[in-house]
Amino acid sequence: MEIDSREFSIASPVKSVRFGGSVSEILAKHEQGDSSDYDLLKHQLADPCIKDAQIISWLQEIRSCVSQLNKDHEQLIYTVLKLPWIGRRQAVVEEYMTFLGNLVSAQTVYLCACLKMVVTYFTPMRVRICVEGVNISDSEDEDEYENLSRNFDQCHKALQLIARYVPSTSHFLMPVFQENFPFIQKSSRTLECYVHNLLRVSVYIPSIRRDILELIIGKMLQLDVSASRSDIEEAEEIAMQNLQGHPLKEEGLFDMDEDMPANPSTMAVTSHSVAERLDTLMAVLMAYVKDICHVNGSLHVERTKELYRDLLSVFDKLILPTHASCHVQYILFYLCSFRLALTEAFLDHLWKILQNPSQPAILRQAAAGYLGSFLARAKFIPVLTVRACLDLLISWIHGYIDSQNSSGKQACCDINLHGPFYSTCQAVFYVLIFRHRALLEGHMKKGLEYLQSLNLERVVMCQLNPLKLCLPTVTSMFAAITRKYQIVFCYNVIERNNRQLLPVVRSSTGGDCVTTKTNPLDSFFPFDPYLLKRSGQAIEPLYQVWEEFEDTDLNTDDDDFLYGDTPKADAIVGMTPNSFDSNLCSPNSIGSPPITFQKPF
């Protein structure tokens, strides 16, 4: 077959090339040792100015010889796999899809190469267009990609096609996804598109959804721990100061941002660069969770349960053991808000970890922190559920005290020996700080009787001395609230703890060193205020802020022991960041992956 050389041009001084054979003849010559036409074929396929008609012609010929394209021809196959087929005319796309189907059917050795090729299109590519011999390149950071959604559709049709021809495709996808995941330093747009497309794959290949969620959340945790709460707050304050001249303000545990600007349109994007990337991914993941769980606006119970099980598995494996993550755990917070049964299941799961002595102490302490923070902060948890959980926790605490009293040994205040106990006590104190009003509302007498039934005095006065190791602000607030309602008087214990000398320990480098750790539990509350602006709009309606006391001053009298250490009432204000309503709809915001797709052809 003789083809008019004017149909083909290569980026070299030679403008046209004529060769005297078909692809099958070129392959035959290559096997006999003559690679001149074979190399020329690869060169023309790699031409950046290759036309649609040329691509179709080559693919049709290559398809007719696909059974001959074994491992010896991998260079030619890799060249074909680099052809810029995405975004071209529909005839090119269809021909390329047919080629992929024929290739993976006849030569499964190229399956992974085909998968890698498709996955490379999961992020916006830098497009190079050859116009009259001149390469024109656009930037990866361009905001407008008119055909981005169409290109992604073509990618997923290709993956679905490959999976249809090779049923074992799912077993090979995760290493490809892992290998091609963009560096977390990449732009928000790049990360957003890649995560969007991974989640989209999880819809039509559900067998790997848990693995996909694990990969995504693992990367998000890297971002989360790289952007500490203090760093994000500092970046926001600096940005606000620069824009509006507001002075920096020192914040405490129970502060809220009432001093934030009333209409902060300029603050619609998180100022901290790492947090901004995390914010983008959290928004995509939350949109995915919402869309998976709802059908036509109604909750789909079975799909929600399945997603909960997958996310809970990832929580146990990655989120719970990660110290000081600030935001990723809110995925479970958000999902649990859909249905009370999910909330109760999550609380029960945390409770089982906490009270299981076979679990590592560090995980039990983390579970206690999650329990306390979740009960305190989730608006959607009813009072009856809070009471049920407090009953479980306080019963476990009293049982622990009983076991120490009956052991015949002198109980000592040691975080290393009793870490889960102290974390559980702090969780109970924290829940009571936030929920005592709800527990007392409706019937004050019954509410007070319930609080008195918890026998908190025994907990506070026991030899394990939990007030000594709890977060100082929690201790102070708990003491003030329990004093107000005459449930327990903590200040004698607090004063005694304050008078004790700081422990002196021997340093490994020689000499003595004094430990002045402000929080011996080294704990954190996982559901502290959500600081990310874009995704925070979904969390704000679900979140319980700290409410200032309106009618009662919690200051201690002059004869109280904790003189000056109890927080003043005017300092007890809410502590959630504002979630700003913004009409900013970033062009790089592609939203949740669609749940249904056109079947591959």
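What comes next concerns the included structure. What you see is a predicted model; the values in this text were computed from it and never measured. As a convention, each chain's residues are numbered from 1 in the sequence order in which they are written. Whole-chain, interface and lining totals are the exception, using all residues; otherwise, since this is a predicted model, local features are given only for residues with pLDDT of at least 70 and side-chain atom pairs are given and counted only at 80 or more. Hydrogens and waters are ignored; side-chain quantities use all the structure's heavy atoms.

1. Remarks on the packing of helix 12 (residues 273-293) against helix 13 (residues 301-319)
In a pair of packed helices, the angle between the axes and the distance between the axes together describe the arrangement. The test is simple: Only the stretch in contact is used when fitting a helix axis, every axis being a line fitted to C-alpha atoms; angles between N-to-C directions are given from 0 to 180 degrees. A helix here means a DSSP run of H or I that spans at least four residues, while a strand means a run of E at least two residues long, and both kinds are numbered starting from the N terminus. Contact between two residues is taken to exist if any of their heavy atoms lie within 4.5 Å; hydrogens are not considered. Residue classes follow a fixed rule: Ala, Val, Leu, Ile, Met, Phe, Trp, Tyr, Cys and Pro count as nonpolar, while Asp, Glu, Lys and Arg count as charged, and any other residue, Gly among them, counts as polar.
Put simply, helix 12 and helix 13 touch, their axes get as near as 8 Å, and they point 145 degrees apart. Seen from helix 12, the contacting residues are Tyr-288, Val-289, Asp-291, Ile-292 and Cys-293; seen from helix 13, they are Arg-303, Thr-304, Leu-307 and Leu-311. Its residues assigned to classes, the contact of helix 12 with helix 13 shows six nonpolar, one polar and two charged.

2. What about empty space enclosed by the protein?
Quick note on the threshold: Cavities and pockets are found on a 1 Å grid laid over the protein atoms alone: a cavity is a set of points where a 1.4 Å probe fits but cannot escape, a pocket is an open set with protein on both sides within 12 Å along at least five of seven lines, and a lining residue has an atom within 4 Å of such a point. Grid points are joined across faces, edges and corners, and a volume is the space filled by probe spheres set on the points.
Overall, the coordinates contain three cavities of 30 Å³ or more when judged by the stated rule. Roughly 50 Å³ of internal volume is contained in the largest cavity. Around the largest cavity sit Leu-432, Ile-433, His-436, Leu-451, Leu-456, Phe-478, Ile-481, Thr-482, Tyr-485 and Ile-487, which together line it. When contributions to the lining of the largest cavity are tallied by element, the ones reaching two or more residues are helix 18 (415-440) and helix 22 (472-484). For the lining of the largest cavity, a count of residues per class yields eight nonpolar, two polar and no charged.

3. A short note on the pattern of salt bridges
Should the charged atoms of two oppositely charged side chains come close, the side chains can pair. As a reminder, the rule being used: Any Lys or Arg side-chain nitrogen found within 4 Å of a carboxyl oxygen on Asp or Glu counts as a salt bridge. To sort residues, take the accessible area from a 1.4 Å probe on protein chains only and compare it with the maximum for the residue type: under 20% means buried, over 50% means exposed, and anything in between is partly exposed.
For the coordinates displayed, the defined rule picks out 17 salt bridges. Arg-63 is paired through a salt bridge with Glu-95; the nearest N and O atoms lie 2.7 Å apart. One end of the pair, Arg-63, is in helix 3 (residues 52-64); the other, Glu-95, is in helix 5 (residues 90-106), and 32 residues separate them in sequence. For Arg-63, a relative accessible area of 24% gives the class partly exposed. When salt bridges with common partners are traced through the structure, they connect Lys-29, Asp-34 and Asp-37 into a single cluster.

4. Considering the environment of Ala-538
On the secondary structure map, Ala-538 appears in helix 24 (residues 533-539). Under the relative-accessibility criterion, Ala-538 is labelled partly exposed at 27%. Taking the C-alpha atoms as reference points, Ala-538 and Ala-283, 255 residues apart in sequence, are found 8.5 Å from one another. Excluding residues within four positions of it along the chain, Ala-538 makes contact with Met-286 and Tyr-334.

5. Quick word on the packing of aromatic side chains
What characterises a pair of aromatic rings is the spacing of the ring centres plus the angle enclosed by the ring planes. Defined as follows: Stacked, edge-to-face and tilted labels apply to pairs of Phe, Tyr and Trp rings (six-membered ring for Trp) whose centres lie within 6.5 Å, assigned for plane angles under 30 degrees, over 60, and everything in between, in that order.
Following the criterion strictly, the structure yields 30 aromatic pairs and no others. Taken together, a centroid distance of 5.9 Å and an interplanar angle of 65 degrees make the contact between Phe-374 and Phe-380 edge-to-face. Phe-374 gets classed as buried once you look at its relative accessible area, which sits at 0%. For the ring pair Phe-489 and Tyr-491, a centre distance of 5.2 Å and an interplane angle of 75 degrees mean the geometry is edge-to-face. Its relative accessible area of 33% is what places Phe-489 among the partly exposed residues. Relative accessible area serves as the criterion here: at 0%, Tyr-491 is assigned to the buried category.

All we've got here are geometric facts, nothing functional implied.
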